Amino acid sequence: MDYVALLEKQKQLTLDAQGREPSSSGPFGHPDRIQAVQNAVEDEQGGVDRLAVYNTHPGLPPSQTLPKGAVFVVREPFYKATADGGYTIRVDHPSDLVLLAAGDERVPSALCPRLVELDQSAAGMKAEGNVAYGRKDFVMAVERYSEALLACKEGDETETLRYDLHRNRANANLLLSRFEAALADAVAAVIPDTGARDEATDKLNGKAYYRAGRAAYAFRDFPRAAACFWDVERCSPSGDVDAEREGKRTACRLEEEKTGRYDFAAMSKTVSATRNNRLDHADFTARVEIRDAGSRGRGLFATQDLKMGDIVLCEKAFSVAFASEKERETYVMVNLNTNRGSTGAHATQLFDLVQKLSHNPEQARLYFDLYDGGYTPKIPLQVVDGAIVIDTFRAAAIAEYNRFGCPNVRSSDLAVQGTAAPGKPDEEDDRDSKLRGSVGVWVVASHINHACDGNAVRAFIGDIMIIRAVRDVGAREEVLMRYCNPREDGPATRAHMKETWGFECDCKICEADYGTIAAQLECRKKLSKEAVSFLASNELSTQRQANAASLLKAEKLRTDLEATYNKPTSAKPRLALINLGQWLCQAHNLASSQRKVIDCAIRLLGDLGYGITVTKQKLVIDYARGCPEIAAVDAAMYAARAHYSLGEQKLGGQFEEFAEGFWVVLYAEKRVFGERYGVS
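Values in this document were obtained by computation on a predicted structure and should not be read as measured data.

Student: Before we move on, can you summarise the overall build of the protein with the specific residues and values?
Tutor: Across its full length, the protein holds 24 helices and 22 strands. Counting every position in the protein, which comprises 680 residues, the buried fraction comes to 52%. Pairs at least 24 residues apart make up 68% of the contacts formed inside the protein by residues separated by at least 6 positions. Of the accessible surface of the protein, which amounts to about 31700 Å², a share of 52% is contributed by carbon and sulfur atoms.

Have a look at this one:
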């Protein structure tokens, strides 16, 4: 690569174009997408270059990003060397590319894409916008309607045209998901009431209110949406079927927002990876608030006492990218600021975010208020040339710190992998490793800080996140939730959290490890590897049961591992023991050693941090230190089955009741519980 030539090429961009005054260019070819949207461009001096715009949404046609014959302002342009030995002007932030209207004074005369007659009518521009709308070129339609609005002059006829233009532009903006602009246009399209009832005016205002309602609904301002749909019906004495339908739908969202009552079973039935994984439901956040959390920064706190199993919050994704939607496409993104790469949905989510943030300023403010890892420089959110200035790199940084892995359809799908026996060690609930295909950002949930022994757990149905309390949570107590599964070697897990999120966990589990001498931790790591090897070579099934030697080996490994924890061992979960505990439960279950199954199941629940007391046929469970894992449900169901086999129906029923209730906490709804455990 001739870097001297590249430097000289960069110098050719004037000082003004380097950041003080942007340069102008006009695409004259047919654009294409090859990693970026690319086209040939010409400046006012006749110089020709290639222009590449990165981080645009893959679903947006290249012709809408760099349309032939359009004129753009390019802020802070710079040259990038290309693989073929040439150069291209690179734009990383799509908001740095500003489309200029034909009559804009910044358009150099040499680049005028068409002759604009001084007396060209706003009505003519409106007609061009309608043609563009008809061929579904909504970007061009918005541009033409905007030009027409600028050309409108004072006068009654022009005022009527102005209302038409706002109404039309509102619809085009709706279809472009520019919901805040659509709402502003729809409101501007409402013709003021002059006192006399006018059926024609009522009809036009009904359209404006309807579009305002749809826009408000889309960015989740349900009270305003309800008011708009009511206004539609007010303008239609004979009734409006569409407004009535949307009004009822909005009323359902308002009820969810107020009460937190959802039909999760029905929600689970409607969700689908191919047809419907973006669900239509409101957020329920009335039980939490964002407050200062000291050394943790900001956190989410309960505003009232919550019982184990209560919904903490329910939230629809701000942005989500499902792996099932991108199965035929592969996207790779490398963040040169962090030296991290991402593929698939992790990469495409950024495109979705940039598109959403670029045209919805209030939504952008919500997003850019999230933690960004100390990213600098922070550019204040501002609108320039009618567009929101979006720092794509900061948007990516926020996504890296705040996104969650999620399933393509629902969390409960991960709980059934065709097993006949619950608790098979290789099915332990390592959710994060199974959820990496799809990712999303949930703004309120993003404020929840981490704890390995968190008091809340998340589940997903489509793009809805449901968070429930796994133990009692007091009013003003911070809501905490694990970011990753801590069952691995403790130091390795903490190193991963430090590298990924930049913090050191101070939960009770990690606090105990900090007080454990290095030799003990090293011994635990060594024994854990032995346990993994043992379990891999001693898989169980109805055809392959454990022999006496393997049972002794498992018990010895478990005892040795338990010895690596400081006394009293009952003071906290002992996560390194869980896989062996599940194996022992299964081994004794296959041998029909029911009393041993019960003993191992209760011991496994203890290893998970749950205090189990059985007195006079009454089961008492202390959730205070418990870890929210499916292994707890498995253990309870092992105990339930064993008690049933011994004729102890009452205790069996109590263990099953705990298992079923805790399953709902983990997965939001009862679906597939019976399939996993063979119960009706």
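Student: Mind laying out the environment of H496, listing which residues take part and the relevant values?
Tutor: Within the secondary structure layout, H496 lies in helix α16 (residues 490-501). Classification of H496 by relative accessible area gives partly exposed; the value is 36%. Considered as a pair, H496 and C484 are 12 residues apart in the sequence and their alpha carbons are 9.3 Å apart. With sequence-adjacent residues up to four places away left out, H496 is seen in contact with C484 and W501.

Student: Kindly report on the sheet that holds strand β11 (residues 311-316), identifying the contributing residues and their values.
Tutor: An order of β11-β20-β19 is seen for the 3 strands of this open sheet, with the pairing classed as antiparallel. Only two strands of the sheet have a single partner each, and these edge strands are β11 and β19 (456-461). Averaged over all neighbouring strand pairs, the angle between strand axes comes to 20 degrees, with direction disregarded. Strand direction decides the pairing type here: β19 and strand β20 (residues 464-469), joined by 6 bridges, are antiparallel. Paired with F460 across the two strands is M465, which belongs to β20. Together, β19 and β20 form the strand contacts of helix α23 (residues 649-667), whose direction differs from that of β19 by roughly 70 degrees.

Student: Now, about the environment of V131: what can you tell me, with residues and values included?
Tutor: Inspection of the secondary structure assignment puts V131 in helix α4 (residues 122-134). Judged by relative accessible area, which is 54%, V131 ranks as exposed. Along the primary structure V131 and R144 are separated by 13 residues, whereas in three dimensions their C-alpha atoms are 9.8 Å apart.

Student: Pulling in residues and values, what's your account of unusual backbone geometry?
Tutor: What is expected of a backbone is that most residues other than glycine have negative phi and most peptide bonds are trans. Residue P377 follows T376 across a cis peptide bond; omega there is -5 degrees. Relative to the helices and strands, P377 resides in the loop between α13 (361-368) and β15 (383-384). In the Ramachandran plot, N55 falls in the positive-phi region, its phi being about 65 degrees despite a non-glycine side chain. Following the sequence through the fold, N55 ends up in the loop between β4 (48-53) and α3 (62-65). For N55, a relative accessible area of 11% corresponds to the buried category. A positive phi is found at S592, a non-glycine position, where the angle reads about 60 degrees. Relative to the helices and strands, S592 is located in the loop between α20 (578-590) and α21 (594-607).

Student: Explain the nonpolar core residue by residue, including any values.
Tutor: Buried together is how nonpolar side chains tend to be arranged in soluble globular proteins. With 68 residues, the main nonpolar core has V633 and W663 as its most contacted residues. A total of 11 residues in this core trace back to one element, the largest contributor, which is helix α22 (residues 630-645). Split by domain, this core shows at least three residues from each of two domains, domain 3 (270-345 + 377-490) and domain 4 (517-677). Beyond its immediate chain neighbours, meaning those up to four positions away, V633 contacts A659, F662, W663, L666, F673 and Y677. Ranked by size, the runner-up nonpolar core spans 23 residues in total, among them C406, I448, I467 and V473.

Student: I'd love a proper account of the packing of aromatic side chains, names of residues and values included.
Tutor: One pass over the structure, following the stated rule, counts 22 aromatic pairs. With a centroid separation of 5.5 Å and an interplanar angle of 25 degrees, the aromatic rings of Y262 and F264 are classed as stacked. Of the two residues examined, Y262 and F264, each falls in the buried class. Between the aromatic rings of Y367 and F368, the centroid separation amounts to 5.6 Å while the plane-to-plane angle is 80 degrees, which identifies the pairing as edge-to-face. The two residues Y367 and F368 agree in class, both being buried. Here R90 stacks its cationic end above the ring of Y54, 3.8 Å away from the centre of that ring. Stacked on the ring of Y565, the Lys or Arg R524 has its end atom at 3.8 Å from the ring centre.

Student: I'd like a description of the state of the cysteines, backed by residues and values.
Tutor: What is meant by a disulfide is a covalent connection between two cysteines, made through their sulfur atoms. Counted by the stated rule, this structure contains 0 disulfides. C585 takes part in no disulfide bond, and the closest cysteine sulfur to it belongs to C600, at a distance of 5.3 Å. The class for C585 is buried, based on a relative accessible area of 0%.

Student: Which residues make up the sheet that holds strand β18 (residues 438-441), and what values go with them?
Tutor: Spatially, the 3 strands line up as an open sheet ordered β12-β18-β17, and their pairing is antiparallel. Edge strands, defined here as strands with exactly one partner in the open sheet, are β12 (319-321) and β17 (403-406). Averaged over neighbouring strand pairs, the angle between their axes works out to 20 degrees when direction is ignored. For β12 and β18, the ladder comprises 3 bridges, and the chain directions are antiparallel. Looking at β18, one finds that A321 is bridged to V439.

Student: For the environment of L651, give the residues involved together with the corresponding values.
Tutor: Within the element layout of this structure, L651 appears in helix α23. On the basis of relative accessible area, L651 is assigned to the buried category, the value being 4%. Residues L651 and A639 lie 12 residues apart in sequence; the distance between their C-alpha atoms is 8.7 Å. Look past the residues within four positions of L651 in its chain and what remains in contact with it is V614, Q617, K618, L619 and H643.

Student: If you had to explain helix α10 (residues 241-259) to someone new, which residues and values would you point to?
Tutor: With 19 residues, α10 extends 27 Å between its outermost C-alpha atoms, agreeing within 8% with the 27 Å of an ideal straight helix rising 1.5 Å per residue. Those residues of α10 that sit buried are A243, E246, T250, R253, E256 and T259. On its buried face, α10 sits against α8 (199-218) and α9 (222-234). The N-cap of α10, judged by a side-chain oxygen 3.1 Å from the amide nitrogen of D242 a few residues on, is D240. Directly beyond the C-terminal end of α10, a positive phi value near 75 degrees is found at G260.

Student: Now, about the pairing of strand β3 (residues 36-42): what can you tell me, with residues and values included?
Tutor: Sheet topology places β3 next to β4; 6 bridges connect them, and they run antiparallel. Paired with Q38 across the two strands is A52, which belongs to β4. Connecting the antiparallel pair β3 and β4 is a turn made up of 5 residues, with G46 showing a positive phi of about 90 degrees.

The rules behind the values
Residues numbered from 1 in each chain as written. Predicted model: local features only at pLDDT ≥ 70, side-chain atom pairs only at ≥ 80, totals over all residues. Heavy atoms only, no water. Helix = DSSP H or I, 4+ residues; strand = E, 2+ residues; numbered from the N terminus. Buried < 20%, exposed > 50% of the residue type's maximum accessible area, 1.4 Å probe, protein only. Contact = heavy atoms within 4.5 Å. Areas by Shrake-Rupley, 256 points an atom, 1.4 Å probe, with all protein chains shown as cover. Pairing = 2+ DSSP bridges. Axes fitted to C-alpha atoms, helices over the stretch in contact; angles between N-to-C directions. Core = buried A, V, L, I, M, F, W, Y, C linked by side-chain atoms within 4.5 Å. Domains from an automatic or database assignment. Phe/Tyr/Trp six-rings, centres within 6.5 Å; stacked < 30°, edge-to-face > 60°. Lys NZ or Arg CZ within 6 Å of the ring centre and 35° of its normal. Disulfide = S-S within 2.5 Å. Expected span 1.5 Å × (residues − 1). Polar contact = N/O pair within 3.5 Å; in protein donor to acceptor, adjacent residues only side chain to side chain.

Spatial relationships are all this shows, so hold off on functional conclusions.
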